[in-house]
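Reading the structure
As a plain string of letters, each chain reads:
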Amino acid sequence: MENLKIMKHIKIIALICLGFIQNAVAQAKPDFRHFNWGDSFQKVLSGESAQYILKDNDDMLQYKDQLGGFDCDVMYAFNENDKLVSGNYRFTKKYMNMQLYVQDYNSFKALLTQKYGNPGLDQQNWSSKPGAGSSESVGQAIANGNLSLRAEWVTNRSIIEIMLSRVASQPLLQIYYTAKTLNEMENKALMQKALIKL
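A brief structural summary. Computed from a predicted structure; not experimentally measured.

Summed over all chains, the structure comprises nine salt bridges. Put simply, Lys64 and Asp73 hold a salt bridge, and the shortest N to O gap is 2.9 Å. When its relative accessible area of 38% is taken as the criterion, Lys64 is described as partly exposed. The buried category is assigned to Asp73, whose relative accessible area is 6%. Where salt bridges share partners, they join Arg33, Glu48 and Asp65 into one cluster.

Below, the discussion takes up the environment of Trp153. As for its placement among the helices and strands, Trp153 is situated in strand β6 (residues 147–154). C-alpha of Trp153 to C-alpha of Pro119: the two residues are 34 residues apart in sequence and 4.9 Å apart in space. With residues near it in sequence (within four places) discarded, Trp153 still touches Lys109, Leu112, Thr113, Tyr116, Gly117, Asn118, Pro119, Ser158, Ile159, Ile160 and Ile162. At 2.6 Å, the side chain of Trp153 and the backbone oxygen of Gly117 are in polar contact.

Conventions adopted
Residues numbered from 1 in each chain as written. Predicted model: local features only at pLDDT ≥ 70, side-chain atom pairs only at ≥ 80, totals over all residues. Heavy atoms only, no water. Salt bridge = Lys/Arg side-chain N within 4 Å of Asp/Glu carboxyl O. Buried < 20%, exposed > 50% of the residue type's maximum accessible area, 1.4 Å probe, protein only. Helix = DSSP H or I, 4+ residues; strand = E, 2+ residues; numbered from the N terminus. Contact = heavy atoms within 4.5 Å. Polar contact = N/O pair within 3.5 Å; in protein donor to acceptor, adjacent residues only side chain to side chain.

Right, dumping it as structure tokens:
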């Protein structure tokens, strides 16, 4: 009987330890590239290995890199407390055939779906639907500003969004990563400090 109680306590302790390990592994995955939400401006500036382009005050950093063989700008945004709150990839390749932008969008959307599962949101936003018999392709509709494509995934810590829309008279493909609840994370840290003092 006593051995059963001991075995039961060991199982409970093992489950608690497993929970802590799973939580630690989940937090070990970076939120955007090699960094986590809440990392400092200086940590990103000194830790990013891509080609540095510019910084805007202390709230934005921009780099050049490649993602899947595609040239892109990599942007990091920081809040007023010097904490990383978002990042995005802005693809810079220009095509004469507008349908190739849609092909790139679909390729990256498929990769994001492979990593995060089916998107919670998957939209085609038309400003004006093409008339019957229209020969306007999806790519041309985006280039004309009549259509934008958007898909979104939500994880425990992030909102990931891919968009293809017209920006400055040209289709632009971007992938955004945004901290879901940085304020909540900061508050949890403060609460942990308060807990020690209680």
